[in-house]
Amino acid sequence: MDSLIAVGTGAAFVYSTWNLIEIGLGIEVMARVMDLYFESAGVLIALVSLGKYLEARSKVRTSDAIRQLMALAPEEATLLVEGGEEQKRIPVAEIEAGDILLVKPGERIPVDGSVVKGRSSVDESMLTGESLPVSKEAGDSVVGATLNKNGLLQMRAEKVGQDTVLARIITMVREAQGSKAPIANLADRISLYFVPTVIVLAILAGLSWYFIGQAEFSFALRIFIAVLVIACPCAMGLATPTSIMVGTGRGAQLGVLVKSGEALEMAQKIDAVVFDKTGTLTHGRPELTDVQPIAAEMDVGQILSLVASAESGSEHPLAEAIVNAAREKGLTLAEPSHFEAVPGRGIRAMVREQNILLGNREFMAEQNVTGLGMAVEQIAHGFAGDGKTALYCAAEGRLIALLAIADRLKAEVPATISALQGMGIKIFMLTGDNEITARAIAAQAGISEVFAQVLPRRMSALPWARASTWPSSPVISC
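Think of each chain on its own: its residues are numbered from 1, step by step along the sequence as written. The predicted origin of the model limits local features to residues at a pLDDT of at least 70 and limits the giving and counting of side-chain atom pairs to 80 or more, whereas totals for whole chains, interfaces and linings rest on all residues. The basis for the side-chain values is all heavy atoms of the structure; hydrogens and waters are excluded.

Peer 1: Help me out: how do you make sense of the overall build of the chain in this one?
Peer 2: Comment: elements are numbered from the N terminus, with helices defined as DSSP H or I runs of at least four residues and strands as E runs of at least two. Across its full length, the chain holds 16 helices and 18 strands. In the chain, which comprises 478 residues, the proportion classed as buried is 40%. Note on contacts: a residue pair is in contact if any heavy atoms of the two residues lie within 4.5 Å. Intrachain contacts of the chain at a sequence separation of at least 6 include 63% that bridge at least 24 residues. If you sum the accessible surface of the chain, you get close to 25500 Å²; carbon and sulfur atoms cover 57% of it. In this scheme, a residue with accessible area under 20% of its type's maximum is buried, one over 50% is exposed, and one in between is partly exposed, where area comes from a 1.4 Å probe on protein chains only. Areas reported here follow the Shrake-Rupley algorithm with a probe of radius 1.4 Å; residue values treat only the protein chains shown as occluding.

Peer 1: It is not clear to me how the pattern of salt bridges should be interpreted in this structure. Could you clarify?
Peer 2: Proximity of charged atoms lets side chains of opposite charge pair with each other. Any Lys or Arg side-chain nitrogen found within 4 Å of a carboxyl oxygen on Asp or Glu counts as a salt bridge. If you walk through the whole model with that rule in mind, you get nine salt bridges. One salt bridge in this structure joins glutamate 137 and arginine 119, with 3.3 Å as the shortest N-O distance. Highlighted residues: glutamate 137 in strand β5 (residues 134-137) and arginine 119 in strand β4 (residues 112-123), separated in sequence by 18 residues. Residue glutamate 340 is joined to arginine 348 by a salt bridge in which the shortest nitrogen-to-oxygen separation is 3.1 Å. Classification of arginine 348 by relative accessible area gives partly exposed; the value is 24%. Where salt bridges share partners, they join Glu76, Arg89 and Glu107 into one cluster.

Peer 1: Before we go on, may I ask you to explain the sheet that holds strand β15 (residues 398-406) in this structure?
Peer 2: Think of a sheet as strands paired side by side through backbone hydrogen bonds, with each pair either parallel or antiparallel. One bridge is not enough; two strands pair if DSSP finds at least two bridges between them. The antiparallel open sheet is built from six strands, whose spatial order is β10-β15-β14-β13-β12-β11. Every interior strand has two partners, whereas the edge strands, β10 (287-293) and β11 (338-342), have only one. On average, each strand axis in the sheet is tilted by 20 degrees relative to the strand beside it, whichever way the strands run. Both strand β13 (residues 354-359) and strand β14 (residues 389-395) contribute to a ladder of four bridges, which runs antiparallel. All axes are obtained by fitting lines to C-alpha atoms, using only the stretch in contact for helices, and the reported angles, taken between N-to-C directions, cover 0 to 180 degrees.

Peer 1: Sorry if this is basic, but what is going on with the confidence of the model for the chain here?
Peer 2: Caution is warranted with low-pLDDT regions, since their predicted coordinates should not be read in detail. The score called pLDDT rates the predictor's confidence residue by residue, from a low of 0 to a high of 100. The predicted model of the chain averages 81 in pLDDT, with 82% of residues at 70 or higher. When pLDDT is averaged over each helix and strand of the chain, the minimum, 46, is found for strand β18 (residues 475-477) and the maximum, 94, for helix α15 (residues 413-422). Scored below 50 in pLDDT, residues 466-477 makes 22 contacts in the model with residues more than four places away or belonging to other chains.

Peer 1: So what exactly am I meant to see when it comes to helix α12 (residues 317-328) here?
Peer 2: Since the α-helix turns once every 3.6 residues, residues separated by three or four places project in the same direction. The end-to-end C-alpha separation of α12 is 16 Å, in line with the 16 Å expected for 12 residues at 1.5 Å each. Considered for burial, the residues of α12 that qualify are Pro317, Leu318, Ala319, Ala321, Ile322, Val323, Ala325 and Ala326. Those residues of α12 that are buried are in contact with β10, α11 (300-311), β13, β14 and β15. At the exit of α12 stands glycine 330, carrying a positive phi of roughly 75 degrees. Each helix should span, by expectation, one fewer than its residue count multiplied by 1.5 Å.

Peer 1: I tried to follow the side chain of serine 305 on my own but got confused; where do I start?
Peer 2: On the secondary structure map, serine 305 appears in helix α11. In the analysis that follows, any N or O atom pair within 3.5 Å is treated as a polar contact, provided that within protein one partner can donate a hydrogen and the other can accept it, and provided that, for residues neighboring in sequence, both atoms belong to side chains. Within polar-contact distance, the side chain of serine 305 engages the backbone oxygen of threonine 332 at 2.8 Å.

Peer 1: I'm lost on the pairing of β4 in this one. Help?
Peer 2: Moving residue by residue along a regular strand, the side chains alternate between the two faces of the sheet. In this structure, β4 lies alongside strand β8 (residues 153-159), joined through six bridges in antiparallel fashion. Across the sheet, residue serine 114 finds its bridge partner in β8, namely arginine 156. In this sheet, strand β6 (residues 141-142) lies alongside β4 in antiparallel orientation, the contact comprising two bridges. Considered in β6, the bridge of glycine 113 is made with valine 142.

Peer 1: Help me understand the packing of aromatic side chains, please; the structure alone is not making it clear to me.
Peer 2: Any pair of Phe, Tyr and Trp rings, taking the six-membered ring for Trp, is counted once the centres come within 6.5 Å. Such a pair is stacked with planes under 30 degrees apart, edge-to-face with planes over 60 apart, and tilted for the rest. The full count for this structure, using the stated rule, is six aromatic pairs. With a centroid separation of 5.1 Å and 75 degrees between ring planes, the pair formed by tryptophan 209 and phenylalanine 219 is classed as edge-to-face. Taken as a pair, tryptophan 209 in helix α6 (residues 182-212) and phenylalanine 219 in helix α7 (residues 217-231) lie far apart in primary sequence, 10 residues in all. A relative accessible area of 40% means that tryptophan 209 is categorised as partly exposed. Here the aromatic cluster, defined as three or more aromatic residues joined through ring pairs, consists of Tyr210, Phe211 and Phe217.

Peer 1: When you look at unusual backbone geometry in this model, what are you seeing that I'm missing?
Peer 2: Negative phi is the rule for most residues except glycine; trans is the rule for most peptide bonds. Located in the positive-phi region is arginine 352, a residue other than glycine, with phi close to 50 degrees. Topologically, arginine 352 is positioned in the loop between β12 (346-351) and β13.

Right, dumping it as structure tokens:
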């Protein structure tokens, strides 16, 4: 296409320049004025250049996704040597499989591996999309670039370099960005044969008028240029990549990321949609939804103020949800005189001279908290059935309240799901969350098909990943 445009516009420019010279010499001025094509050549080159600029800018912008992914990985890690007696900071690129690494609170896990010692909560949202940290202890696997929240972990490196999950994700994104839609490939193949054919036809047309038709050279040159310019495949060269860029760009503005041009072209045939839960159907951040007092002498405001004060020293997302809820209500918070986080269990704190415990039921049982009766369990079960996480709160060894935290469903989701189902599209929900919470959120959204506790490495086990399940049905995932 570039060759055809270069020859056509170049010939038009040369022809117009020749006519301009004749106008300056006073030769058939009115006729030559009508044969100036500077603006046509300029507009054509400007349009082609604009298309190439937009395409280049789109590639630069989409490469930001790769840079953001690469920025997730830490540059250095702490290597334990001499049986763990000595610590040494080394570049992540020098880590070898089998090395024992120390990951401190607030640091990102350098490579894929497994925990050999310690207990902590790990934020895996970059991998699973789930906003709630996952408890990790000896024997559990960890993934590079995930964030260690509040405990000290010793881990054994198992997959390094290009074998890590993050490296494979980056490779997949690069391959997707380099892909072309089938229609774009078709345009390339047509241009390969179309361009030389048009050039040959244009030369034959010009020579035929000049030698056979006995036309003047200027007329024959106009015929040559006309064939080149009119036959120029601008639609194939500009409309195809522009339409893909507009489609993917507009989708990105609306929060829809298209994996490739081929996926965009296949969108017209979609009859099934797989929605991720966190951040797509839900807001992607936990919020305090309920405070159920158990102790009769304390009201909701007192309980929330006490719990938020205890959690003010924590960076856990659940703690942030509680503190935000207290501040929205204008409650006064006190600085805890003592704070201790128990990974995977909860927290201990001293607030206003009271020993406060907040966490899951197992933590309450371990601390011999009283008041854990059947009625309390029914409330907690009700929270779970609504897709909420139940937190137990105790003061001075006695249960005083149950709190419920949930990732709220977006208001527009039920109507959107209903509209898609009305179009005959089958809807699935995919999440790394637990089964009970997933089912509850799906019920609120109006979705019946749910796949819970799914990690990226298990995607190949899902129905749409098997060709025998839907041999001719394209699927889009959101």
